[in-house]
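Next come the chains, spelled out residue by residue.
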Amino acid sequence: MRRKEGKGERGTGRKGDREKKHSPLTLSPSHPFPLLITLVLLLMAAMPAAGQDLPDGFDETYSMASLNPLLMLNADAVVRMEMQHFDVAGPGKATRTVRRAVTVFNADGRDASELYVFYDNRLRHLKKLRGQIRDAGGKVVRKLKKGDLEDYSAISGYSLYEDDRVRVARLYHDVYPYTVEFEYEVVYDGVISWPFWTPQDRGRPVVFSRFEIDAPAGMVVRHQARNGDLEPTVTPYKGRQRYRWQVENLPAFEPESYGPPLAEQIPSVYTAPAVFEIEGTKGDMSSWESLGHWAYSLYEGRDLLPQEALAEVRSLLDGVTDDREKVRLLYEYLQSKTRYVSIQLGLGGWQPFDATYVHDKGYGDCKALTNYMHTLLKVAGIPSHPVLIRAGHHAPEILSDFPSNQFNHVVLSVPLEADTVWLENTSQTMPFGHLSTFTEDRYALLIKPEGSHIVRTPRSRAEDNAQVRHARVKLAATGDAVADVHTRYTGNQQDRVRQALATSSGREREEWLHNHVDLPSFEVVSVDFSEAEAHAKTLSLPLTLKLPRYAARTGRRLFLQVNLMERWSDVPPSSDEERNQPIEYFPYAFIDTDTIRYELPDGFDIETMTLPVSLETSFGRYESKIVMEPDGTLAYYRRLEVTETQCPAEGYDAFRDFLRQIAQADRAQVVLVATAD
């Protein structure tokens, strides 16, 4: 099959291709906008009014004559100025203002002319939005008008109702270069998350960037820098205290390929309060325990079920004595009875619906479904704990030493005598006890009435995530072939396949199959997708293929490529530059094994075949060989095991060479020759 999602570079096809969508716990929901736009949104945290306290000699006309030519080299756009200001009036009141100017040099930088501002008129009120365009000489040629704006609901496709909205401003100009300026203000009525500052995003130089927080004297302002020496100056200001971070003349930042997520590479400053308030609910996040205590309080009193529901659960568990089996039965009961639907209104972004609501309606978001599962287990006398987590197949790690609201999802931890079971409660197809790349192997906050603390979710092993393929291929003298193929997937390997197939239509399944069979020409004779919808830890996919001209015939010879469907092709480029970031190429450890047996046509013998290959490194092993079996079949054996998902920076060349040798070995050929004319 084609190089699958997950067996290559982040963003170009890693395993786990269809990321699930879940309700947010943060003030900013998930939105289907490109990564670059998302980064721009994250950059826009706050600012002072126009013209206030700029560096000496700063040109507010943004003419090209005042721009350092070195910052223009190979750039599509340059951030001329960004000033962000977050004014905290109290634990539940704040104002965020932003002023930003970007010079656009060509069409590839045109997205810098767009602004997305999220608000909801409940916790976030958009009070002001202005914009204008300047030409190369700094002259204002157009101001933002009503026709440049769009305003629409930001309800995500998986939510039933949200009060989030997005205001979109677009200011384009047909003559390059031009500079676009935006300024806006958002007033917060309820604050749990403070902004974080990234002074530059991918690929764009920055002339000047500043981030400020003004807070009442005596209020604790917590902050932490990442990937850079970004320390604030702290000064008294009008009876308050002002924290200021500032940078100037930054060259373009290019993250290292095959490295950690961008957020883990780019310089940034994270901020958070010690105390907060949202819709009259007060909390403390000066420690993980105190934040967990607040989160637990939102669940209290919401774990009750009506009598008929209690009777149904007890009947389901009648005669079952093993606790793990009870958990499994209740989890599959949850899956059969509920579906994921999000309703996000104010505090509802953090507080779950009560268990009775979910039982009666049959739906809920991650918080509500986790609370419902917790309640079912409570009826069975089995303790469990909600776990706040930052989910996402490529999500960056949370700052485990910086207590703050860094989460967007909830799962459930069920401690049993022998081990702990982890439950993803939003999926109707997830196997029992499986987390997937969406939530495995990362820090999370386990919620208890007392003693909430950071835990790490389990990391799957290579043997947990297997793809085992057996095939028998009947080869004709013409080079045509028929192949019976059976592939069995486990762990994260089955998860990526099941997510793609479980709820897909017949046509979508056929399209998926054609996209994943790495053959130049084939016809699907039969395929059985029946196991795609099961709740099993394994998934089997049998299929039969016709392969016209699979082996190339030239005169008396047939040139047979023995690796039928699992040929590696992606090899990272060589680099002479010193690497700083670790290599994160694979999202999880895994094992692929292939056993392909060929029935050779009568009258042909083997003329040449490739020698066995065996590779062993600190991060994985590979072996392949071709064997003539006693029954006359030609057998090809291949095994790839990846044991480490992160390699040190200094291992880049060795890692690249490992993949290069695999790609070469996977092109193994056998030459067959006719014994008679």
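Only a predicted model underlies this, so the values are computations on that prediction, with no experimental measurement involved.

The rules behind each value
Residues numbered from 1 in each chain as written. Predicted model: local features only at pLDDT ≥ 70, side-chain atom pairs only at ≥ 80, totals over all residues. Heavy atoms only, no water. Helix = DSSP H or I, 4+ residues; strand = E, 2+ residues; numbered from the N terminus. Rg over C-alpha atoms; globule rule 2.2 N^0.38 Å. Buried < 20%, exposed > 50% of the residue type's maximum accessible area, 1.4 Å probe, protein only. Contact = heavy atoms within 4.5 Å. Pairing = 2+ DSSP bridges. Axes fitted to C-alpha atoms, helices over the stretch in contact; angles between N-to-C directions. Phe/Tyr/Trp six-rings, centres within 6.5 Å; stacked < 30°, edge-to-face > 60°. Lys NZ or Arg CZ within 6 Å of the ring centre and 35° of its normal. Polar contact = N/O pair within 3.5 Å; in protein donor to acceptor, adjacent residues only side chain to side chain.

Visitor: For this particular structure, what's the right way to read the overall build of the chain?
Guide: A count of helical and extended segments in the chain gives ten helices and 36 strands. Its C-alpha atoms give the chain a radius of gyration of 29 Å, within 12% of the compact-globule value 26 Å for 677 residues. Along the three orthogonal principal directions, the C-alpha set of the chain runs to about 95 × 75 × 45 Å. Going through the 677 residues of the chain one by one, you find that 56% of them count as buried. Across the chain, contacts joining residues at least 24 apart in sequence account for 74% of those joining residues at least 6 apart.

Visitor: Would you mind going over the sheet that holds strand β34 (residues 620–628) with me for this structure?
Guide: If you trace the eight strands from one edge of the open sheet to the other, you get β27-β28-β26-β25-β31-β35-β34-β33, paired in mixed fashion. The strands lining the two open edges of the sheet, one partner per strand, are β27 (523–527) and β33 (613–616). Each strand of the sheet is rotated relative to its neighbour by a mean of 15°, with strand direction disregarded. In the sheet, β34 pairs with strand β35 (residues 634–642) via nine bridges, with the strands oriented antiparallel. Within β35, the position partnered with M628 by the bridge is L634. Where helix α8 (residues 491–501) meets the sheet, it contacts β25 (466–475), β26 (481–490), β28 (538–547) and β31 (590–599), and its direction lies at approximately 115° from that of β26.

Visitor: Sorry, what's going on with the packing of aromatic side chains here?
Guide: Any two aromatic rings considered together are summarised by their centre-to-centre distance and by the angle between their planes. Considering all chains together, one arrives at 24 aromatic pairs under this definition. For the pair F586 and F655, a centre-to-centre distance of 6.0 Å together with 75° between the ring planes defines the contact as edge-to-face. Linking F586 in the loop between β30 (557–561) and β31 with F655 in helix α10 (residues 652–665), this pair joins segments that are 69 residues apart in sequence. Neither residue differs from the other here; F586 and F655 are each classed as buried. By the ring-pair criterion, three or more aromatic residues cluster together here, those being Y258, W568, Y585, F586, Y588, F590, F619, F655 and F658. Directly above the aromatic system of Y172 lies the positively charged group of R110, at a separation of 3.9 Å from the ring centroid. Taking NZ or CZ as reference, R456 lies 4.5 Å from the ring centre of Y443, over its face.

Visitor: I would appreciate a short explanation of the sheet that holds strand β21 (residues 409–415) in the present structure.
Guide: Strand pairing in a sheet takes place through backbone hydrogen bonds and is either antiparallel or parallel in direction. Taken together, five strands build an open sheet; the order of strands is β22-β21-β20-β23-β24 and the sheet is antiparallel. Sheet topology places β22 (420–423) and β24 (453–456) at the edges, where each strand pairs with a single neighbour. Neighbouring strand axes in the sheet, compared pairwise and without regard to direction, differ in orientation by 35° on average. Sheet topology places strand β23 (residues 443–446) next to β24; four bridges connect them, and they run antiparallel. By the bridge assignment, L446 is partnered in β24 with H453. On top of the sheet, helix α7 (residues 366–379) reaches β20 (385–389), β21 and β22; it is set at about 15° to β21, its chief contact.

Visitor: I keep staring at the environment of I133 and nothing clicks. Help me out?
Guide: Within the element layout of this structure, I133 appears in strand β4 (residues 124–134). Judged by its relative accessible area of 0%, I133 is buried. Sequence spacing of I133 and H173 is 40 residues, and the spatial spacing of their C-alpha atoms is 7.6 Å. Among residues more than four places away in sequence, those in contact with I133 are K139, V140, V141, R142, L171, Y172, H173, Y178 and T179.

Visitor: Explain the environment of R469 here, please?
Guide: In this structure, R469 sits in strand β25. Considered as a pair, R469 and T595 are 126 residues apart in the sequence and their alpha carbons are 6.3 Å apart. One polar contact links R469 to T487, side chain to side chain, over a distance of 3.0 Å.

Visitor: I keep staring at the pairing of β21 and nothing clicks. Help me out?
Guide: Moving residue by residue along a regular strand, the side chains alternate between the two faces of the sheet. With six of seven residues buried, β21 is to be regarded as a mostly interior element. Strand direction decides the pairing type here: β20 and β21, joined by five bridges, are antiparallel. What sits directly across from I389, in β21, is H409. Across four bridges, the pairing between β21 and β22 is antiparallel. Residue pairing across strands places V414 opposite V421, the latter belonging to β22. Connecting β21 to the next strand, β22, in antiparallel fashion are four residues.

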